Amino acid sequence: MAIQILRDLRGLRVQIIHPPDAEGVSLIEHLRRIGCTVEAQWPIPEAFSDAVDVVLLSIDHDCRDQIVKLLRSQTDRRPVLIAVVGYENPSTLQLVLECGALAVVERPIRPFGLLTNLTIARSLWLERQSATRRIRKLEQKLSGIQKIQKAKSILMEKQGLSEEDAYQTLRRQAMGKRVPMEEMALAVINANELLHSRLKGD
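This section reports on the structure supplied with the text. (Residues numbered from 1 in each chain as written. Predicted model: local features only at pLDDT ≥ 70, side-chain atom pairs only at ≥ 80, totals over all residues. Heavy atoms only, no water.)

**Quick look at the pairing of strand S3 (residues 54-58)**
Summarising burial for S3: 5 of the 5 residues are buried, a large majority. Burial of the side chains of S3 extends over both faces: Val54, Leu56 and Ser58 are buried on one face and Val55 and Leu57 on the other. Relative to S3, strand S1 (residues 13-17) is paired through 4 bridges, and the arrangement is parallel. The partner of Gln15 across the bridge, within S3, is Val55. Of the pairings in the sheet, the one linking S3 to strand S4 (residues 80-85) comprises 5 bridges and is parallel in character. (Buried < 20%, exposed > 50% of the residue type's maximum accessible area, 1.4 Å probe, protein only. Helix = DSSP H or I, 4+ residues; strand = E, 2+ residues; numbered from the N terminus. Pairing = 2+ DSSP bridges.)

**A short note on the pattern of salt bridges**
If you walk through the whole model with that rule in mind, you get 5 salt bridges. The partner of Arg64 in a salt bridge is Glu98, with the nearest N and O atoms 3.0 Å apart. Placement of Arg64 in helix H3 (residues 64-72) and of Glu98 in helix H4 (residues 90-99) is noted, with a sequence separation of 34 residues between them. Using a relative accessible area of 37% as the deciding quantity, one classes Glu98 as partly exposed. As a salt-bridge pair, Glu163 and Lys152 come within 3.0 Å of each other at their nearest N and O atoms. With Glu163 in helix H6 (residues 163-177) and Lys152 in helix H5 (residues 114-159), this residue pair connects regions lying 11 residues apart in the sequence. Owing to a relative accessible area of 40%, Glu163 belongs among the partly exposed residues under this scheme. (Salt bridge = Lys/Arg side-chain N within 4 Å of Asp/Glu carboxyl O.)

Okay, structure coming up:
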């Protein structure tokens, strides 16, 4: 995976949110030498672009309000965030932590370390994305199990079935309708709730 990440750096879409000074120009030049596609933007935008993979964000306490607004912007896919800092004072470090930056590049900008930070940040981001997908699948699986359990309890109560018979009933109905068991279980739950609401209405 590490080798693939290094290969992917060439052509990586990078946005630099940094004042157009000598440091900003140096950053652009170094990233282009690595092979990244670079776009620069200043002042700080109100939202992250969906068209970039990595954002290098200049962290300055004077721009705190704009940075906070950027971080609060809604986006389905937050890019890799690397902080660019010139000082290591508490307020700057606090802002770096609030940003959720996966790496830090120090001013003055130097070629040494930039590739390393870019690689580490990208690797961490990919690992987080993978972990998020796994967690989502586990949550969906757990939700499905809970639905099946609830549907079984309903069948056991309403039809006087054993737990195994209730499970097999759900399974047969799901197979007959060619739907997942979770979907069949939800249909049983919804039907039971509808029945209860009608009885209450009467």
